[in-house]
Amino acid sequence: TNKGIITTDGQAWVEQRRFALKHLKDFGFGKIGLQGVIQGEVEDLINHLSKFHNQDFKMESIFGIPVINILWTIVAGRRFQMEDPKVQRIMSLLNRLFKAKFALEYLFPWWGLISYCVPGLNTRRKIISELRSMFRESIQEHRTSLDTNHPRDFIDVYLLE
């Protein structure tokens, strides 16, 4: 069965959403306690940008990485360095995923289903599959180091549920 907020609906969605909101708040989501994490990411971003000294650079992923780090700190209890190949890959996949959202899907909702199923048009499916694989890897790491008495982050709380 599908779990999580994104892939459920009905009563299961309501329960998943309630669980997520309650526990995300426990880890600082939507609270001032998250201010320090945000401040640290801003400082890291400024330091990273200062390395370019009037040189051109691609902004495509640089500003997204701090956002991923803030969210990933809450969800998985860790952050990525700007140069980490894993976060670079995540940003690349997310950028491609959002660019692959054809305008046709807004006009014809069934186009998303067709592009998801038809070979050659299934870029989104491949991207989502790779992202899921990365998330499953992180979940597996959490399973092996889980301390049932001291959940570190949202993944731990979810595994304990």
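What you are looking at is a predicted structure, and each value in this text was computed from that prediction instead of being measured.

Visitor: Explain the overall build of the chain to me, please; I cannot follow it from the model alone.
Guide: For the chain, the helix and strand inventory stands at nine helices and zero strands. Walking the chain from its N terminus toward its C terminus, one meets helices and strands in the order α-α-α-α-α-α-α-α-α. Counting across all 161 residues of the chain, residues that qualify as buried make up 30%. Contacts spanning at least 24 positions in sequence make up 52% of the contacts within the chain whose residues lie at least 6 apart. As displayed, the chain offers around 11,100 Å² of accessible surface, 59% of which is attributable to carbon and sulfur atoms.

Visitor: Please clarify how helix H4 (residues 64-76) should be interpreted in this entry.
Guide: Helical geometry: 3.6 residues make up each α-helical turn, so side chains three or four residues apart lie on a common side. Spanning 13 residues, H4 covers 17 Å between terminal C-alpha atoms, matching the ideal 18 Å at 1.5 Å per step. Burial in H4 covers these residues: Gly64, Ile65, Pro66, Ile68, Asn69, Ile70, Trp72, Ile74 and Ala76. Tucked inside the fold, the buried residues of H4 contact helix H1 (10-26), helix H2 (35-50), helix H3 (59-62), helix H5 (85-99), helix H8 (123-145) and helix H9 (154-160). Phi for glycine 77, located one or two positions after H4, is positive at around 70°.

Visitor: Explain the packing of H2 against H4 here, please?
Guide: Between two packed helices, the angle of one axis relative to the other and the distance separating the axes together describe the packing. Between H2 and H4, the shortest axis-to-axis distance is 10 Å and the interhelical angle comes to 150°. The pairing of H2 with H4 is recorded here as roughly antiparallel in orientation. The two elements H2 and H4 cross, and the hand of that crossing is right-handed. Across the interface between the two elements, Val37, Ile38, Glu41 and Leu45 from H2 touch Pro66, Asn69, Ile70 and Thr73 from H4. Counted by class, the contact of H2 with H4 contains five nonpolar, two polar and one charged residues.

Visitor: Which parts of the structure should I look at to understand H8?
Guide: The end-to-end C-alpha distance of H8, which contains 23 residues, comes to 34 Å, matching closely the 33 Å that a straight helix rising 1.5 Å per residue would cover. Turning to H8, its buried residues number three or more, namely Ile127, Leu131, Met134, Ser138 and His142.

Visitor: Teacher, can you tell me more about the packing of aromatic side chains here?
Guide: Describing an aromatic ring pair means giving the distance of the ring centres and the angle of the ring planes. Applying the stated rule across the entire model yields six aromatic pairs. Residues phenylalanine 19 and phenylalanine 154 carry aromatic rings whose centres are separated by 6.0 Å and whose planes lie at 55° to one another, so their mutual orientation is tilted. Note that phenylalanine 19 is positioned in helix H1 and phenylalanine 154 in helix H9, a separation of 135 residues in sequence. Phenylalanine 154 matches phenylalanine 19 in its accessibility class, with the two residues each being buried.

Visitor: Can you help me understand a nonpolar patch on the surface in this one?
Guide: Together, Ile38, Val42 and Ile46 make up a nonpolar patch on the protein surface, roughly 250 Å² of accessible area in all. Among the secondary structure elements, isoleucine 38 is positioned in helix H2. Taking the relative accessible area as the measure of exposure, isoleucine 38 reaches 38% and is therefore partly exposed.

Conventions and cut-offs
The residue count restarts for each chain, going from 1 along the sequence in the order it is written. Local features in this predicted model are restricted to residues of pLDDT 70 or higher, and side-chain atom pairs are both shown and tallied only at a pLDDT of 80 or more, whereas totals for entire chains, interfaces and linings draw on every residue. Where side-chain values are given, they derive from all heavy atoms of the structure, hydrogens and water being excluded. Helix and strand assignments follow DSSP, with helices taken as H or I runs no shorter than four residues and strands as E runs no shorter than two, numbered in order from the N terminus. Burial classification: accessible surface area is computed with a 1.4 Å probe over protein chains only, and a residue below 20% of its type maximum counts as buried, one above 50% as exposed, and the rest as partly exposed. Contacts are assigned to residue pairs with any non-hydrogen atoms lying within 4.5 Å of each other. Accessible areas in this description were obtained via Shrake-Rupley with a 1.4 Å probe; residue shielding takes into account the shown protein chains only. Helices are assigned an expected span. That span is 1.5 Å times one less than the residue count. All axes are obtained by fitting lines to C-alpha atoms, using only the stretch in contact for helices, and the reported angles, taken between N-to-C directions, cover 0 to 180 degrees. For classification purposes, an angle smaller than 35 degrees is called roughly parallel, one larger than 145 roughly antiparallel, one from 65 to 115 roughly perpendicular, and anything else oblique. Two helices that cross are described as forming a left-handed crossing if the nearer one is turned anticlockwise from the farther one by less than a right angle, and a right-handed crossing if clockwise. When residues are grouped by polarity, Ala, Val, Leu, Ile, Met, Phe, Trp, Tyr, Cys and Pro land in nonpolar, Asp, Glu, Lys and Arg in charged, and all others, Gly among them, in polar. In this analysis, rings of Phe, Tyr and Trp, with Trp reduced to its six-membered ring, are considered paired at centre separations within 6.5 Å, and the interplanar angle assigns stacked below 30 degrees, edge-to-face beyond 60, and tilted for intermediate values. Only residues whose relative accessible area exceeds 30% and that form no salt bridge are eligible for patches; like-charged ones are grouped when within 9 Å, while nonpolar side chains (Val, Leu, Ile, Met, Phe, Trp, Tyr) are grouped when within 5 Å. By definition here, a salt bridge exists when the distance from a side-chain nitrogen of Lys or Arg to a carboxyl oxygen of Asp or Glu is within 4 Å.

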